[in-house]
Amino acid sequence: VVFPKGKGKSRSLATRRRRSRSMGGTVGNPLGGADHVYEDERNVKAPNAVLDQNLFSAAAEAFLDKVEVAIKPMQECNDVFVITRVSKGHPTTEANGGRLTIDLKPGDGSYILQVDEDDKTLKFSSPMSGNYTYVLGSKTHEFVGMDDGHILEGMIVRGLIQQCNGMPKF
């Protein structure tokens, strides 16, 4: 990359300074120490979950509906994109809630959203990201990661656009 005269160095130094501060290092050592802690890791809090069973059940069912509608158009863009919805209480569900599965072509894996009403959680399994557990956030009423508060909808979109043609229509 070639910068016009006088440009680029200050931008690079400013970036290095920002990264250094957030990583606990100095300007001379932008990588910080070997035992540094990223600023994001220090400030992460587990979300407050909705505890009301009826509210959780309705939100989980509505979320599975929303995902199913959002990904339906992607079937036309992909050779193999099988959507399977299993209702709450169906004998094939592992937990006591509904399940939505997206099967991709062989070798690409499956995305699984499984509601567990006893724990008031929504479990997400993805070939791209692995397994995560989500709760219904009491403030946002979105499904957020139990450990760090990331939003489930974003994880679904990220995984599918990396592996498939098209994009969910959330």
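Summarised in this report is the structure supplied together with it. Just so we're clear, the structure is a prediction, and the values are computed from it rather than from any experiment. (Residues numbered from 1 in each chain as written. Predicted model: local features only at pLDDT ≥ 70, side-chain atom pairs only at ≥ 80, totals over all residues. Heavy atoms only, no water.)

With that out of the way, let us pick up the pattern of salt bridges. Applying the stated rule across the entire model yields four salt bridges. Where K66 meets E153, a salt bridge forms, and the shortest distance between an N and an O atom there is 2.8 Å. Of the two residues, K66 sits in helix α3 (residues 53-71) while E153 sits in helix α4 (residues 152-163), which places them 87 residues apart along the sequence. Note on K66: relative accessible area 40%, which makes it partly exposed. When the shortest N-O distance is used, the salt bridge between E68 and R85 registers 2.9 Å. A residue pair is termed long-range when its members are at least 10 positions apart, and E68 in helix α3 and R85 in strand β1 (residues 81-86) qualify at 17 residues. (Salt bridge = Lys/Arg side-chain N within 4 Å of Asp/Glu carboxyl O. Helix = DSSP H or I, 4+ residues; strand = E, 2+ residues; numbered from the N terminus. Buried < 20%, exposed > 50% of the residue type's maximum accessible area, 1.4 Å probe, protein only.)

A few words on the sheet that holds β1. The six strands are arranged β1-β2-β3-β4-β5-β6 in an open sheet whose pairing can be described as antiparallel. On the outer flanks of this sheet lie β1 and β6 (143-145), each paired with one strand and no other. Between one strand and the next, the sheet's axes are offset by a mean angle of 20 degrees, whatever the strand orientation. Where strand β5 (residues 130-136) and β6 come together, three bridges link them in antiparallel fashion. Across the sheet, L136 pairs through a bridge with F143, a residue of β6. (Pairing = 2+ DSSP bridges. Axes fitted to C-alpha atoms, helices over the stretch in contact; angles between N-to-C directions.)

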